[in-house]
Amino acid sequence: MELTKETLIKMAEVDIRTVDISELTDLRDIEIDTSQPVEKKLAAFARQTKNVYVNRIGDYVVKVRFQESGATIDDKMAEYLRRMSEIYL
């Protein structure tokens, strides 16, 4: 599948509340050679998934978005873990 601007827009517009989870790629099945440059890693990811924005991990739908600046994934994971610890403490 060619990743045109229109294709990427359509992928990003998928509503996770109504998507058929059985049609999504499980992120655990994707293999990336982390020694490769970023461009090659992104290309490998795009080749292995049906939607670069919406996938699944087991029974959970995962939607990502990309931004130029702001919090990193590490920052977001730390925030998530802090919130989870507050809920269960």
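Here goes a summary of the coordinates provided. (Residues numbered from 1 in each chain as written. Predicted model: local features only at pLDDT ≥ 70, side-chain atom pairs only at ≥ 80, totals over all residues. Heavy atoms only, no water.)

Here we come to the overall build of the chain. The secondary structure content of the chain amounts to three helices and two strands. Each helix and strand of the chain, placed in order from N terminus to C terminus, yields the pattern α-α-β-β-α. When the backbone C-alpha atoms are referred to their principal axes, the chain occupies close to 45 × 35 × 25 Å. The buried share of the chain, reckoned over its 89 residues, is 15%. By sequence separation, contacts in the chain at least 24 residues apart represent 58% of the contacts at least 6 residues apart. (Helix = DSSP H or I, 4+ residues; strand = E, 2+ residues; numbered from the N terminus. Buried < 20%, exposed > 50% of the residue type's maximum accessible area, 1.4 Å probe, protein only. Contact = heavy atoms within 4.5 Å.)

Here we take up the layout of surface pockets. Reported here for the largest pocket is a volume of approximately 1,100 Å³. Among the elements of the structure, α2 (38-48), β2 (60-63) and α3 (73-88) are those that each provide at least two residues to the lining of the largest pocket. In terms of residue class, the lining of the largest pocket is built from 14 nonpolar, five polar and seven charged. (1 Å grid on protein atoms, 1.4 Å probe; cavity = no way out; pocket = protein on both sides within 12 Å on 5 of 7 lines; lining within 4 Å. Points joined across faces, edges and corners; volume = space filled by probe spheres on them. Nonpolar A, V, L, I, M, F, W, Y, C, P; charged D, E, K, R; others polar.)

Now for the nonpolar core. Judged by nonpolar contacts, Met-11, Leu-24, Val-52, Tyr-53 and Val-54 together constitute the single largest core of five residues. Look past the residues within four positions of Tyr-53 in its chain and what remains in contact with it is Leu-8, Met-11, Ala-12, Val-62, Lys-63, Val-64 and Phe-66. (Core = buried A, V, L, I, M, F, W, Y, C linked by side-chain atoms within 4.5 Å.)

Remember, this is a structural readout, not a statement about activity or role.
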